[in-house]
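Structural description and commentary
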Amino acid sequence: VTLAACGSDSDSNGGGSQGSGELSGTVTWWDTSTVGSEDKVFKKIAEGFTKKHPKVTVKYVNVPFGEAQNKFKNAAQSGSGAPDVIRSEVAWTPEFADLGYLAPLDGTAALKDKDDFLKQAAASTQYNGKTYAVPQVIDSMGIFYNKKIFKDAGVQVPKNIDELKTVSATIKQKTGKTGLYLRGDDAYWFLSFLYGEGGNLVDAEQKKITIGDESGVKAFKTVKDLVDSKAAITDATNGWDNMQAAFKDGKVAMMINGPWAVADTLTGKEFADKANLGIAPVPAGSAGQGAPQGGHNLAVYAGSKNLDASYAFAEYMTSAETQRQVAKELSLLPTRQSVFIKPDVASNEMITFFKPVVDKAVERPWIPEGGSLFEPVKVEYTKVLTGQTTPDAGAKAVADAYRKLLKDWK
Ligand SMILES: C[C@H]1O[C@H](O[C@H]2[C@H](O)[C@@H](O)[C@@H](O[C@H]3[C@H](O)[C@@H](O)[C@@H](O[C@H]4[C@H](O)[C@@H](O)[C@@H](O)O[C@@H]4CO)O[C@@H]3CO)O[C@@H]2CO)[C@H](O)[C@H](O)[C@@H]1N[C@H]1C[C@@H](CO)[C@H](O)[C@@H](O)[C@@H]1O
């Protein structure tokens, strides 16, 4: 596809569909997918839009996940440099909608066959009774494990925390390898342990802050014990790269991760034979078992000068055919029910494992502050894992931070 002549974004030479209704002009899309594994697939698909709409120029821009949210808010606020379409993480969507930065999509070409979307995937696109995005991928987390190491150690995949510790001890003793890599610099990796203790960050229904309750303290104790007992190794920074490297090189037998890690993981020497990668539910805690719901939507910038082409692009990128192609090439989960039964999706082991997991994943509150709940947890989670604070003080500190964030919550 020809890249836009001038380097600017949607606020110039947007064009828009000419009288005949044929789409034209430029659509700038900010994609946040992982460079080196996911981005090339999404870029190829995005550029394919021009085959259907020859007068539209798609400008694909990859913006790192950790920067895109603020970059979009700054651009939308200043009214210059914002893209026409953004890959909006599930927690960013209510916040952007609340700020007025997203075009409502009800009744537009962006929303086709909307009843085909999984309810839990569509939930994060709804705000104040309107639809502000189109669900692109849904995900959750599971245990990724190295079948060869498990075979050499003669152990089975752990179902709960106690088994995780004994299995890790046996793996260490029999193979010298560490059982689990537990990512320590991203609070998303703490949630399944919190849910396992019957806890949660907040109770949105009751507008209650619950992370400081006994269940939150216990969850912090659980993760600290995994590291102190040497069942797991962790890092305070650069967790993604360290986790992927340790697991791909066979230094650890397990990691907790999601479908977005599959493509990169399969490039590891340990998984040249894809069959060596196993997947299982996250371990249960003392009071339950559960994994978090995550994912990404496609949203249209309210200030786009090319809304018609942007609506059509968002629909194209989340259509059943695109979702089938993405599932096939990246093992990412569709958000359309109809796609799961297509042959090369139904035969994908990763997808057939994660579908029931996302069906019962713990939903989060889709409120504007939802995404802001992670930073305070991450700070204390990392400090607990590295012994800089106690589980009790850590849990309480998060609750205090939430009281400042969620004014009228108890
Ligand atoms: C701290 C952040 O807290 C929250 O994020 C939660 C998130 O809500 C959870 O759902 C979960 O996300 C899953 C995700 O669902 C799962 O799909 C996967 O995503 C893959 C992609 O699949 C892969 O394609 C590729 O993109 O790569 C993606 C990432 O791997 O894994 C994600 C988990 O990593 O966990 C997130 C917490 O990390 C906030 O929302 C903010 O993001 C906040 N960061 C801000 C912080 C600001 C400065 O403070 C800074 O200025 C701001 O710019 C930063 O934005």
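None of the values given here were measured: they were computed from a predicted structure.

Let's talk about helix H12 (residues 307-317)
- Counting buried positions along H12 yields 9 of 11 residues, so the element is predominantly enclosed.
- Within H12, burial applies to Ala309, Ser310, Tyr311, Ala312, Phe313, Ala314, Glu315, Tyr316 and Met317.

Some remarks on the pairing of strand S7 (residues 142-146)
- Within S7, 5 of the 5 residues are buried, which leaves it mostly tucked inside the rest of the structure.
- One ladder, built from 4 bridges, connects S7 with strand S12 (residues 252-257); its direction is antiparallel. Paired with tyrosine 145 across the strands is methionine 254, a residue of S12.
- As paired strands, S7 and strand S13 (residues 277-280) are joined by 4 bridges and run antiparallel to one another. By the bridge assignment, tyrosine 145 is partnered in S13 with glycine 278.

Comments concerning the confidence of the model for the protein
- The pLDDT averaged across the protein works out to 95; a share of 95% of its residues lies at or above 70.
- Both scores are available for the predicted complex, with the pTM at 0.94 and the ipTM at 0.98.

A closer look at unusual backbone geometry
- Positive phi values are uncommon outside glycine, yet asparagine 238 reaches one of about 55°.
- The phi dihedral of serine 331 falls on the positive side, at around 60°, and the residue is not glycine.
- Tracing the backbone shows serine 331 in the loop between helix H13 (320-330) and helix H14 (343-346).

Considerations on the sheet that holds strand S14 (residues 294-300)
- Strand order in the open sheet formed by 5 strands is S2-S1-S3-S14-S6, and the pairing between neighbours is mixed. Among the strands making up the open sheet, the edge pair consists of strand S2 (56-62) and strand S6 (134-139). Taking the axes of each pair of neighbouring strands and ignoring which way they run, one obtains an average angle of 20° across the sheet.
- Bridge count between strand S3 (residues 85-89) and S14: 5 bridges; the pairing is antiparallel. When the bridges of S14 are listed, valine 85 appears paired with valine 300.

With respect to the site of the ligand
- The immediate surroundings of the ligand are formed by 25 residues, with Thr32, Glu38, Gln69, Glu89 and Asp139 found nearest.
- Interatomic distance of 3.0 Å between a side-chain N/O atom of tryptophan 92 and an oxygen atom of the ligand.
- Within the side chain of histidine 296, one N or O atom sits 2.8 Å away from an oxygen atom of the ligand.
- Calculation on the ligand without its partners gives an accessible area of 920 Å², and the protein chains cover 83% of this total.
- The biggest single contributor to the shell around the ligand is helix H3 (residues 65-78), with 5 residues.
- Looking at the shell around the ligand residue by residue, the class counts come to 7 nonpolar, 10 polar and 8 charged.

Regarding the nonpolar core
- Core analysis: the largest hydrophobic core is formed by 113 residues, its most contacted members being Ile211, Met254, Phe313 and Tyr402.
- Tallying contributions element by element places H12 first for this core, with 7 residues.
- Once you skip the residues sitting within four places of it in the chain, phenylalanine 313 turns out to touch Val27, Trp29, Ala46, Phe49, Val58 and Val85.
- By size, the runner-up hydrophobic cluster in this structure holds 18 residues, among which are Ala75, Ala82, Trp92 and Phe96.

Overview of the packing of helix H9 (residues 214-228) against helix H17 (residues 391-405)
- Running from N to C, H9 and H17 cross one another at 130°; their axes reach a closest spacing of 8 Å. The pairing of H9 with H17 is recorded here as oblique in orientation. As H9 packs across H17, the resulting crossing turns out to be right-handed. Touching Gly216, Val217, Phe220, Lys221 and Lys224 of H9 are Pro391, Asp392, Gly394, Ala395, Lys396 and Val398, all from H17.
- Classifying every residue of the contact of H9 with H17 by side-chain character gives 5 nonpolar, 2 polar and 4 charged.

Some thoughts on the pattern of salt bridges
- Inspection of every chain in the model, using the stated rule, returns 25 salt bridges.
- Linking glutamate 22 and lysine 55 is a salt bridge whose minimum nitrogen-to-oxygen distance equals 3.1 Å. Residue glutamate 22 is located in the segment before strand S1 (25-31), and its partner lysine 55 is located in the loop between helix H2 (49-52) and S2; the two are separated by 33 residues in the primary sequence.
- Where lysine 148 meets aspartate 152, a salt bridge forms, and the shortest distance between an N and an O atom there is 2.8 Å. Highlighted residues: lysine 148 and aspartate 152, both in helix H6 (residues 147-153), separated by 4 residues, approximately one helical turn.
- The partly exposed category is assigned to lysine 148, whose relative accessible area is 48%.
- Look at the salt bridges and you will find they share partners, linking Arg183, Asp185 and Asp186 into a network.

About the cut-offs
Residues numbered from 1 in each chain as written. Predicted model: local features only at pLDDT ≥ 70, side-chain atom pairs only at ≥ 80, totals over all residues. Heavy atoms only, no water. Buried < 20%, exposed > 50% of the residue type's maximum accessible area, 1.4 Å probe, protein only. Helix = DSSP H or I, 4+ residues; strand = E, 2+ residues; numbered from the N terminus. Pairing = 2+ DSSP bridges. pLDDT = per-residue confidence, 0-100. Axes fitted to C-alpha atoms, helices over the stretch in contact; angles between N-to-C directions. Near = heavy atom within 4 Å. Polar contact = N/O pair within 3.5 Å; in protein donor to acceptor, adjacent residues only side chain to side chain. Areas by Shrake-Rupley, 256 points an atom, 1.4 Å probe, with all protein chains shown as cover. Nonpolar A, V, L, I, M, F, W, Y, C, P; charged D, E, K, R; others polar. Core = buried A, V, L, I, M, F, W, Y, C linked by side-chain atoms within 4.5 Å. Contact = heavy atoms within 4.5 Å. Parallel < 35°, antiparallel > 145°, perpendicular 65-115°, else oblique. Left-handed = near helix turned anticlockwise from the far one by under 90°. Salt bridge = Lys/Arg side-chain N within 4 Å of Asp/Glu carboxyl O.

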